Amino acid sequence: MHTHIFNDLEGIRIAIEMERRGRDFYGAVAKMAQNAPMKALLEVLRAEENAHMNQFRRLYDREQELLSGDEAYSAETSAYLTAVAADIVFSDGLVSVGVRGGFSEPQVILAESIRSEQQSIDFYRALSETTRDAHAACVFREIIAQEQMHLERLRGQLSRYQ
């Protein structure tokens with residue numbers, strides 16, 4: 001496994017990338033969706049991911065000057081974060097979601113979204129706990145709070161379908 005060297009700013013950049021992957025995933029599933037209500041749900045989820053991506057991009061820009069001189073994490077911490085980041089955000093892929101009915105059943109895509117969102121939160125929590133910079137820890141906790149709100153919205157949506 002290739003180990004990527006992380007620092008605090010890199011963690012924020014990864015947050016942007018994870019949101020981009022989510023946005024693209026929902027867009028791809030929407031193209032394969034089998035009915036209009038499903039397409040509408042996926043477009044809402046896609047728009048939410050896009051909004052988060054833009055929020056995190058603004059956060060990255062704001063923090064870039066402050067955190068760019070960060071010392072890189074230790075090799076052990078970088079290896080851990082590399083492994084965690086490699087398995088986040090719809091890691092099962094389109095085919096797996098489609099096989100389980102994710103192109104036509106909102107419950108499937110919402111359950112997958114909830115799983116992915118929780119994995120993202122776990123990743124950000126790991127970043128907040130491994131940073132040695134109190135300011136960066138606050139930034140990661142801010143990301144966690146935003147993602148937790150999104151997670152709760154997804155759970156609410158899922159409960160309406162169950």
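Since this is a predicted model, take the numbers as computed values, not measurements.

Undergrad: Before we go on, may I ask you to explain the overall build of the protein in this structure?
TA: Broken down by element type, the protein carries six helices and zero strands. Each helix and strand of the protein, ordered N terminal to C terminal, gives the series α-α-α-α-α-α. By the burial criterion, 48% of the 162 residues in the protein qualify as buried. Total accessible area on the protein is roughly 8,000 Å²; 53% of this is exposed by carbon and sulfur atoms.

Undergrad: When you look at the environment of leucine 45 in this model, what are you seeing that I'm missing?
TA: Locating leucine 45 in the fold gives a position in helix α2 (residues 36–67). Owing to a relative accessible area of 0%, leucine 45 belongs among the buried residues under this scheme. Spatially, the C-alpha atom of leucine 45 lies 8.9 Å from that of glycine 27, the residues being 18 residues apart in sequence. The contact partners of leucine 45, leaving out residues within four places of it in the chain, are Tyr26, Leu110, Ser113, Leu154 and Gln157.

Undergrad: Could you clarify how one ought to interpret the side chain of arginine 23 in this entry?
TA: Looking at where arginine 23 falls in the secondary structure, it is placed in helix α1 (residues 8–32). Arginine 23 sits in the buried class, given a relative accessible area of 18%. Once residues within four sequence positions are removed from consideration, arginine 23 is found in contact with Arg46, Glu49, Asn50 and Met53.

Undergrad: Where do I start with the pattern of salt bridges in this structure?
TA: Any two side chains of opposite charge can pair, given that their charged atoms come close. According to the stated counting rule, one finds 10 salt bridges in the structure shown. Note that glutamate 48 and arginine 153 form a salt bridge whose closest N and O atoms lie 3.9 Å from each other. Note that glutamate 48 is positioned in helix α2 and arginine 153 in helix α6 (residues 134–161), a separation of 105 residues in sequence. With a shortest N-O distance of 2.8 Å, arginine 62 and glutamate 63 are connected by a salt bridge. One salt-bridge network, in which partners are shared between bridges, spans Glu17, Arg20, Arg23 and Asp24.

Undergrad: Can you walk me through the packing of aromatic side chains in this structure?
TA: Remark: the centre distance and the inter-plane angle together describe each pair of aromatic rings, the angle taken between the planes. Counting across every chain of the model gives two aromatic pairs. Look at phenylalanine 25 and tyrosine 26: their rings are 6.0 Å apart centre to centre, the planes differ by 70°, and that puts the pair in the edge-to-face class. Per residue, the accessibility class of phenylalanine 25 equals that of tyrosine 26, and both read buried.

Undergrad: Looking at this structure, how should I read the environment of phenylalanine 140?
TA: Looking at the secondary structure, you find phenylalanine 140 in helix α6. In the structure, phenylalanine 140 is positioned 128 residues away from isoleucine 12 in sequence and 7.7 Å away in space, judged by C-alpha atoms.

Undergrad: How should the packing of helix α5 (residues 106–130) against α6 be read in this particular structure?
TA: When two helices pack together, their arrangement is given by the angle between their axes and by how far apart the axes lie. In the contact formed by α5 and α6, the axes pass within 9 Å of each other and the chain directions differ by 165°. Between α5 and α6, the crossing angle belongs to the class labelled roughly antiparallel. Between α5 and α6 lies a crossing whose hand is left-handed. Residue composition of the contact of α5 with α6, by class: 14 nonpolar, eight polar and five charged.

Cut-offs applied
- Residues numbered from 1 in each chain as written.
- Predicted model: local features only at pLDDT ≥ 70, side-chain atom pairs only at ≥ 80, totals over all residues.
- Heavy atoms only, no water.
- Helix = DSSP H or I, 4+ residues; strand = E, 2+ residues; numbered from the N terminus.
- Buried < 20%, exposed > 50% of the residue type's maximum accessible area, 1.4 Å probe, protein only.
- Areas by Shrake-Rupley, 256 points an atom, 1.4 Å probe, with all protein chains shown as cover.
- Contact = heavy atoms within 4.5 Å.
- Salt bridge = Lys/Arg side-chain N within 4 Å of Asp/Glu carboxyl O.
- Phe/Tyr/Trp six-rings, centres within 6.5 Å; stacked < 30°, edge-to-face > 60°.
- Axes fitted to C-alpha atoms, helices over the stretch in contact; angles between N-to-C directions.
- Parallel < 35°, antiparallel > 145°, perpendicular 65-115°, else oblique.
- Left-handed = near helix turned anticlockwise from the far one by under 90°.
- Nonpolar A, V, L, I, M, F, W, Y, C, P; charged D, E, K, R; others polar.

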